[in-house]
Amino acid sequence: MKELVEVIAKSLVDHPEEVQVIETNKDDAIYLELKVAQEDMGKVIGKQGRIAKSIRTVVKAAASKGDKKVIVDIK
């Protein structure tokens with residue numbers, strides 16, 4: 001999941017070298033924290049959060065094969 005979020009984010013931003021994805025396992029969930037450069041934040045979130053919602057939807061679909069819930073947090 002970490003690689004998937006990283007590839008998607010790097011394709012959206014102007015500064016792909018500043019994209020970081022931190023994966024944390026807690027309880028029965030996987031938390032993915034996506035960090036991008038401040039000037040790229042709007043590109044990752046999108047108008048009315050549409051791109052962020054799309055990223056979460058793609059990750060949720062990819063994680064549906066496993067037992068764990070995946071939560072994507074954008075910072």
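Asker: Which parts of the structure should I look at to understand helix α3 (residues 50-63)?
Answerer: Three or four residues apart is the spacing at which side chains of an α-helix point the same way, because the helix has 3.6 residues per turn. Between its first and last C-alpha atoms α3 spans 20 Å; for 14 residues at 1.5 Å apiece the expected length is 20 Å, and the two agree. Where the residues of α3 are buried, they touch α1 (2-12), β2 (29-35), α2 (41-45) and β3 (69-74).

Asker: Teacher, can you tell me more about the nonpolar core here?
Answerer: Taken as a class, soluble globular proteins show a tendency for nonpolar side chains to be buried jointly. Among the nonpolar cores identified, the biggest contains 18 residues, and Val 5, Leu 32, Leu 34, Val 36, Val 44, Val 59 and Ile 74 are the most heavily contacted of them. Mapped by element, the contributors of at least two residues to this core are α1, β2, α2, α3 and β3. The element best represented in this core is α3, accounting for 4 residues. Excluding its chain neighbours within four sequence positions, the residues that come into contact with Val 44 are Val 13, Leu 34, Val 36, Ile 51, Ala 52, Ile 55 and Ile 74.

Asker: It is not clear to me how unusual backbone geometry should be interpreted in this structure. Could you clarify?
Answerer: Trans is the common state for peptide bonds, and a negative phi is the common state for residues other than glycine. Of note, the phi angle at Asp 27 is positive, near 50°, even though the residue is not glycine. Of note, Gln 48 is a non-glycine position whose phi angle comes to about 55°, a positive value.

Asker: How do you make sense of the pattern of salt bridges when you look at a structure like this?
Answerer: Think of it this way: side chains of opposite charge can pair up when their charged atoms draw near. Within the structure shown, the criterion is met by 4 salt bridges. Lys 35 is the salt-bridge partner of Glu 33, the closest N and O atoms lying 3.6 Å from each other.

Asker: Would you mind showing me how to read the pairing of strand β1 (residues 20-26) here?
Answerer: For a regular strand, the rule is simple: side chains alternate between the two faces of the sheet. Pairing between β1 and β2: 7 bridges, direction antiparallel. Directly across from Val 21, in β2, lies its bridge partner Leu 34.

Asker: Would you mind showing me how to read the sheet that holds β3 here?
Answerer: The pairing of strands in a sheet comes from backbone hydrogen bonds and takes either a parallel or an antiparallel form. Taken together, the 3 strands give an open sheet; going across it, the order is β1-β2-β3, and neighbouring strands pair in mixed fashion. Only two strands of the sheet have a single neighbouring strand rather than two, namely β1 and β3. On average, each strand axis in the sheet is inclined to that of its neighbour by 20°, with strand direction left out of account.

Calculation criteria
- Residues numbered from 1 in each chain as written.
- Predicted model: local features only at pLDDT ≥ 70, side-chain atom pairs only at ≥ 80, totals over all residues.
- Heavy atoms only, no water.
- Helix = DSSP H or I, 4+ residues; strand = E, 2+ residues; numbered from the N terminus.
- Expected span 1.5 Å × (residues − 1).
- Contact = heavy atoms within 4.5 Å.
- Core = buried A, V, L, I, M, F, W, Y, C linked by side-chain atoms within 4.5 Å.
- Buried < 20%, exposed > 50% of the residue type's maximum accessible area, 1.4 Å probe, protein only.
- Salt bridge = Lys/Arg side-chain N within 4 Å of Asp/Glu carboxyl O.
- Pairing = 2+ DSSP bridges.
- Axes fitted to C-alpha atoms, helices over the stretch in contact; angles between N-to-C directions.

It is worth stressing that arrangement in space is one thing and function is another; only the former is reported here.
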